[in-house]
Amino acid sequence: MLEFIQLLKQRYQAIVAQTGKAATLDYQQRIDQLTLAEAFVRKGLWLAAKEPQVLQVAVIGPTQAGKSSLVNALLGSPAAGVSPLAGYTVHPQGFCHAVKQSDCQGLQRYFGRFQCLSPEQLSKHRYDCYSVSDTNSRSAYLPPCIVWDTPDFDSIDSQTYREGVIRSIALADVLVLVVSKEKYADQSVWEMMAELAALNQPTLICLNKLAEGSEALLIPSLKDKWQQARRDPCPDIIPLYYQKALGGPQWPDSQAGRIKQLAKKTNPAQHARFEQAFLQQHWQSWLEPVRAEHQLVGDWQALLDEVLKQALNHYQRDYLNHPHHYETFQQAMAELLTLLEMPGLAGIMTGARKILTWPMRQMLKLGGKRLHITDSSQEVKLLNQLAEHALIQLADRLLDKQEQHQQQDWWQGLSSSLRRQRPEILQHFAVAVKNYHLEFQQDVEASAQRLYHKLQEQPMVLNSLRATRVTADAAMIALTLHTGGIGVHDLVIAPAMLSVTSLLAESAIGGYMHKVEAHLKQQQLNAVDLNLFSGALGNTLKALPAQLAGNSHFNISPEQLGAMEQQLTEKRHGLRLL
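Anyway, here's the lowdown on the structure attached to this text. (Residues numbered from 1 in each chain as written. Predicted model: local features only at pLDDT ≥ 70, side-chain atom pairs only at ≥ 80, totals over all residues. Heavy atoms only, no water.)

Focus: the packing of helix 9 (residues 271-320) against helix 19 (residues 510-542)
- Across the interface, helix 9 lies against helix 19 with an axial gap of 10 Å and an inter-helix angle of 145°. Here helix 9 and helix 19 pass one another in a crossing that is right-handed. Together, Trp 300, Gln 301, Leu 304, Leu 308, Ala 311, Leu 312, Tyr 315, Gln 316, Tyr 319 and Leu 320 of helix 9 and Lys 521, Gln 524, Leu 525, Val 528, Asp 529, Phe 533, Leu 537, Gly 538, Leu 541 and Lys 542 of helix 19 make up the contact between the two elements.
- Classifying every residue of the contact of helix 9 with helix 19 gives 13 nonpolar, four polar and three charged. (Axes fitted to C-alpha atoms, helices over the stretch in contact; angles between N-to-C directions. Helix = DSSP H or I, 4+ residues; strand = E, 2+ residues; numbered from the N terminus. Left-handed = near helix turned anticlockwise from the far one by under 90°. Contact = heavy atoms within 4.5 Å. Nonpolar A, V, L, I, M, F, W, Y, C, P; charged D, E, K, R; others polar.)

Focus: the environment of Leu 142
- Along the chain, Leu 142 turns up in the loop between strand 4 (129-134) and strand 5 (145-149).
- Leu 142 gets classed as buried once you look at its relative accessible area, which sits at 2%.
- It is 7.5 Å that separates the C-alpha atoms of Leu 142 and Leu 75, two residues lying 67 residues apart in sequence.
- Excluding residues that lie within four positions of it along the chain, Leu 142 makes contacts with Leu 74, Leu 75, His 97, Val 147, Ile 259 and Lys 260. (Buried < 20%, exposed > 50% of the residue type's maximum accessible area, 1.4 Å probe, protein only.)

Structural notes on helix 7 (residues 215-229)
- When the terminal C-alpha atoms of helix 7 are compared, their 21 Å separation across 15 residues agrees well with the 21 Å that a helix rising 1.5 Å per residue should span.
- Among all positions of helix 7, only Glu 215, Leu 218, Ile 219, Leu 222 and Trp 226 are buried. Down the axis of helix 7, the buried side of the element spans an arc of 100°, and every buried residue falls inside it. Facing away from the buried side of helix 7 by over 90 degrees, the exposed positions are Ala 216, Leu 217, Gln 227 and Gln 228.
- Residues of helix 7 that are buried in the fold lie against strand 6 (174-180), helix 6 (187-195), strand 7 (203-210) and strand 8 (237-243). (Expected span 1.5 Å × (residues − 1). Arc of directions from axis to C-beta.)

Things to note about empty space enclosed by the protein
- Overall, the coordinates contain one cavity of 30 Å³ or more when judged by the stated rule.
- Along its surface, the largest cavity is lined by Val 307, Gln 310, Ala 311, His 314, Leu 386, His 389, Ala 390 and Gln 393.
- Broken down by secondary-structure element, the contributors of at least two residues to the lining of the largest cavity are helix 9 and helix 13 (378-404).
- For the lining of the largest cavity, the class distribution of residues is four nonpolar, four polar and no charged. (1 Å grid on protein atoms, 1.4 Å probe; cavity = no way out; pocket = protein on both sides within 12 Å on 5 of 7 lines; lining within 4 Å. Points joined across faces, edges and corners; volume = space filled by probe spheres on them.)

Comments concerning unusual backbone geometry
- The phi angle at Ala 98 is positive, at roughly 60°, despite the residue not being glycine.
- Secondary-structure assignment places Ala 98 in the loop between strand 2 (93-97) and helix 4 (107-111).
- Ala 98 sits in the partly exposed class, given a relative accessible area of 32%.
- Even without being a glycine, Asn 555 presents a positive backbone phi close to 50°.
- Secondary-structure assignment places Asn 555 in the loop between helix 19 and helix 20 (558-568).

Some details on the sheet that holds strand 2
- Here we have nine strands laid out as an open sheet, ordered 3-4-2-5-1-6-7-8-9, and mixed in their pairing. Strands at the two margins of the open sheet, each flanked by one partner only, are strand 3 (115-116) and strand 9 (248-249).
- Pairing between strand 8 and strand 9: two bridges, direction antiparallel. Across the sheet, the residue bridging to Tyr 242 is Pro 249, located in strand 9.
- Packing of helix 3 (residues 67-75) onto the sheet brings it into contact with strand 1 (56-60), strand 2, strand 5, strand 6, strand 7, strand 8 and strand 9, and relative to strand 5 it is tilted by some 155°. (Pairing = 2+ DSSP bridges.)

So, the nonpolar core
- Within the largest apolar cluster, 73 residues are counted, with the highest numbers of intra-cluster contacts made by Leu 8 and Leu 107.
- Sorting elements by how many residues they give to this core places helix 2 (residues 25-48) first, with nine residues.
- Mapping this core onto the domain boundaries places at least three of its residues in each of domain 1 (1-50) and domain 2 (51-266).
- Here Leu 8 is in contact with Leu 34, Trp 286, Leu 287, Val 290, Phe 554 and Ile 556, once residues within four sequence places are set aside.
- Of all hydrophobic cores here, the second largest spans 54 residues; its members include Ala 332, Trp 411, Tyr 452 and Ala 536. (Core = buried A, V, L, I, M, F, W, Y, C linked by side-chain atoms within 4.5 Å. Domains from an automatic or database assignment.)

A word on the packing of aromatic side chains
- For the coordinates displayed, the defined rule picks out 19 aromatic pairs.
- Arranged with centres 4.9 Å apart and planes meeting at 80°, the rings of Tyr 12 and Phe 554 form a pair that is edge-to-face. Of the two residues, Tyr 12 sits in helix 1 (residues 2-19) while Phe 554 sits in the loop between helix 19 and helix 20, which places them 542 residues apart along the sequence. The two residues Tyr 12 and Phe 554 agree in class, both being buried.
- Between Phe 429 and Phe 533 the ring centres are 6.0 Å apart and the planes differ by 25°, which places this aromatic pair in the stacked class. Within this pair, whereas Phe 429 is found in helix 14 (residues 408-456), its partner Phe 533 is found in helix 19, the two being separated by 104 residues in sequence.
- Since its relative accessible area comes to 0%, Phe 533 is described here as buried.
- One aromatic cluster is present, formed by Trp 46, Tyr 110, Phe 111, Phe 114, Tyr 130 and Trp 148 through successive ring pairs.
- The side chain of Lys 454 reaches across the aromatic face of Tyr 512, ending 5.1 Å from its centre.
- Lys 521 extends its terminal NZ or CZ atom over the ring of Tyr 326, reaching a point 5.0 Å from the ring centre. (Phe/Tyr/Trp six-rings, centres within 6.5 Å; stacked < 30°, edge-to-face > 60°. Lys NZ or Arg CZ within 6 Å of the ring centre and 35° of its normal.)

Here's the deal with the pairing of strand 5
- Counting buried residues in strand 5 gives five out of five residues, a clear majority hidden from the surface.
- Burial of the side chains of strand 5 extends over both faces: Cys 145, Val 147 and Asp 149 are buried on one face and Ile 146 and Trp 148 on the other.
- Relative to strand 5, strand 1 runs parallel, the two sharing four bridges. When the sheet's bridge partners are listed, Val 59 is paired in strand 5 with Asp 149.
- Relative to strand 5, strand 2 runs antiparallel, the two being bridged by five bridges. By the bridge assignment for strand 5, Phe 95 is matched with Val 147.

If you want it as structure tokens, here you go:
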């Protein structure tokens, strides 16, 4: 699941960077959600590793709410850097309280590609890093833990370091939300808190920078904001008054044990359930554009099926069922005639046959006969023409889709890919046609063998056929075909071959001959559909959507998505969650 979430986030980021698509608040919001999901899943993997765990407390809030000052107040020491300038803290910075930094080695597994540096090494020119520092403080306000001072999530520049903010939030076992009287009503605060609801992190709200008496007015308003954003009860709100002498807030002694109480509410065993609840909450939204692409692929497949079916119908009409163009059965007849022995012919005919059959046998050893038949075949020419016509049709239909469909960029990308690969597709198809035609000669020869065996069952028909001069002439034509002297189409219209076909059709095996011809046509139709239109051409064209630029499209297959959805809806032990 982690790899899939990372892939989905990367595709969103690439599309936003490439197309500026809906820079789109929807896409950017989903990127943030996926970043949070990735971090929360990472934490689940860390917890599942059963390493020693240290309580994580994250102090979060909008810009200039006083987060760093509050961290120092909780620690009782000036560990976190403080500045009156907005955006001073741009990296997650952890401070160990009553624990050692050496006890937190698992943090690197959680932060992944983020590098752990000392606070002095953190640079505002690089945001994929964090720090963890030892402190000597022992505060009555905190249990043994790491307290995280986090960057803001609402400033104009926060988008550049937002991933670090989200990672530190997802890591937290306890959240301390810090807002000031100027910032507590900001929409960005409550959008963030609404997003975190599914994580079920014990939370405390600190209303900072208050003047005496102002809390009576602000706290009810803050509670109302919480109830508008979330369904769970509003957490405790601790008012913090600005202490001029301290240059920051003073944690009330009356609330000294509040964070320790929240720490007792944490339950790592529930993490997997919360993780899946968060994923399920956003899954349909995240996958909306992916499913839209699947629909487009389905539309393309339907269009492709229609065009290829039409090409197959044209092949059947213009070749298999055409009285003058269908040559394959005549090839079978030529094979049949070479199988017939013709006793009683004049010596010159026998000598001529021997002379002709010797080069034929040599050519057969080299595959020459079949190559000649392929080169001169009307079928081969027609198939290549049908493929070219199908690509022209598809190009025209894609232009129509671009004009009619909302997803113009997808259809435009497909059209460009088809235009760019057209020569290669046609060349690949031509090779496949030649291979099919060569291989199908085995079926042609098998049909001739069936006819010959049937003739052997009818000696009178066989002897009658052998006795005619027409048969001898047709046999010579067949031998000439084998040696490359004439083309297949010439064979079809040769009077002698037509006469032999007529003689057989009117004989006792006429009905059987028609059955053999019909069977051969059906074999041929199936072979052309399977190997050429559905196969070589269809499979190549089906693959075009997957070749669209990865920085402009999601290109996540239904199979990938189906596997992830099955994983999402089942717990590790097979218990259904949906």
